[in-house]
Amino acid sequence: MSLSHLSRRKLPLPPLCRALLTRLLSFSTTTITSSKLHQHYSFKPPHSLSSSPQNPNRIPSANTKKKQKPRYRPPSSLDRTGIKPIKSDLPFDFQYSYTESNPTVRPIGLREPKYSPFGPGRLDREWTGVCAPAVDPKARSVEGADDPKLEEKRRKMRERVQGEPLTGAERRILVEKCQKRNTKTQINLGRDGLTHNMLNDIHNSWKHAEAVRIKCLGVPTVDMRNVCTQLEDKAFGKIIHRHGSFLVLFRGRNYHPKKRPMIPLMLWRPHEPVYPRLIKTTIDGLSIEETKEMRKRGLAVPALTKLAKNGYYGSLVPMVRDAFLCSELVRIDCRGLEKSDYKKIGCKLRVKDFRFIILHEGSSMTWCLASW
């Protein structure tokens, strides 16, 4: 700004300003090739500093591009090209849940096609929509009864693995090792009961310990006897201690982790089939008017108990049986449960020879039971 102002007035420049202006003009017009270093010392910049390419004879083309590597594709568990299906010699039918399914109750329909939850081509058994039977499903009986040969085979395998029974001292030592203050290893048995993949978790725990602690909560605790029976039948173990919802499952004297049975894992949970309605319009032996009258009476009955979510329901059946000694109708409040949970509880109670009268009370979910 000062230089342009002085040039406009045409006044002689001071020596300092003249030297500064000369240096600025020379710096703006000079290039690397016409620098003082090149003029006085014949300096040539190296290739890394030069603006021209390293190979001046090579003419770059627009079509030459660097080849890109193919994108990484992780291996898929569903790709079974060249792999044979898994063969398991376990002598029982593979189901999603062994405690929450009853083979004697046949479904009336399926919610999805018969896609195997083990994945396509991963198992040598056929999926019937309910289970993967150990024998040919065409050769099974219509009633769905278990094959006596499979029961005998399971019994022999269990006896071979268990060996001699434990003494009292050995039992107390194993139970003490499985206490919460001594180990953090625990398997949780929830609303789905004893699932197929849980068998693999039990065998993985048996690699490091002779016994494993199992905590049972939710719907399966209504029938703990069934839970204990299925654990011993499917895992080939022995329950050596039970306190409420806590179980201690012993693996057996002759158990070897490297000789464990092959348990194929389910990749997804199959949809439950469609079963007949649990509550009928009319109760057997009663007319429609008598059924409606009994349902109205059930609305006025005070609730015997209120079930909490993921609780322990082992005392529910004895409580209902004791209540029937004083009253004909018993109501159970299930508003804290999921819809699928209280339906499963209703199925388990019906097995105990209780008859259901009412299912819904307004927007709440209740069971009203009658026994005669």
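Structure first, text after, so check above.
These numbers come from a predicted model, not from an experiment.

**Overview of the overall build of the protein**
Scanning the protein from N- to C-terminus turns up ten helices and eight strands. Taken over 372 residues, the protein has a buried fraction of 33%. Here the contacts in the protein between residues at least 6 apart in sequence split such that 74% fall between residues at least 24 apart. Of the roughly 25,300 Å² of accessible surface on the protein, a fraction of 55% belongs to carbon and sulfur atoms.

**Some thoughts on the pairing of strand β2 (residues 211-216)**
The buried fraction of β2 amounts to five of the six residues, a majority that puts the element mostly inside the structure. In this structure, strand β1 (residues 187-189) lies alongside β2, joined through three bridges in parallel fashion. Looking at β2, one finds that Leu 189 is bridged to Cys 216. In this region the chain leaves β1, passes through helix α6 (residues 196-205) and returns to the parallel neighbour β2; the handedness of that crossover is right-handed. Relative to strand β4 (residues 246-250), β2 runs antiparallel, the two sharing five bridges. Looking across to β4, one finds that Ile 214 is bridged to Leu 247.

**As for the packing of aromatic side chains**
To describe a pair of aromatic rings, one takes the distance between the centres and the angle between the planes. Considering all chains together, one arrives at five aromatic pairs under this definition. Measuring from centroid to centroid gives 5.7 Å for Phe 92 and Tyr 98, while their planes differ by 85°, and the two rings are edge-to-face. Classification of Tyr 98 by relative accessible area gives buried; the value is 4%. Between Phe 118 and Trp 127, the aromatic rings sit 6.5 Å apart at their centres with planes inclined by 70°, giving edge-to-face as the arrangement. Across the pair, Trp 127 and Phe 118 agree in class, each one buried. These aromatic residues form a ring-pair network of at least three members: Phe 92, Phe 94, Tyr 98, Phe 118 and Trp 127. For the cation-ring pair, Lys 234 lies above Phe 92, with the distance from its terminal atom to the ring centre recorded as 5.6 Å.

**Some details on the environment of Arg 225**
Assignment of secondary structure puts Arg 225 in helix α7 (residues 224-235). Separated by 89 residues in sequence, Arg 225 and Gly 314 place their C-alpha atoms 9.7 Å apart.

Each value, and the rule that gives it
- Residues numbered from 1 in each chain as written.
- Predicted model: local features only at pLDDT ≥ 70, side-chain atom pairs only at ≥ 80, totals over all residues.
- Heavy atoms only, no water.
- Helix = DSSP H or I, 4+ residues; strand = E, 2+ residues; numbered from the N terminus.
- Buried < 20%, exposed > 50% of the residue type's maximum accessible area, 1.4 Å probe, protein only.
- Contact = heavy atoms within 4.5 Å.
- Areas by Shrake-Rupley, 256 points an atom, 1.4 Å probe, with all protein chains shown as cover.
- Pairing = 2+ DSSP bridges.
- Right-handed = clockwise from strand over helix to strand, strands pointing away.
- Phe/Tyr/Trp six-rings, centres within 6.5 Å; stacked < 30°, edge-to-face > 60°.
- Lys NZ or Arg CZ within 6 Å of the ring centre and 35° of its normal.

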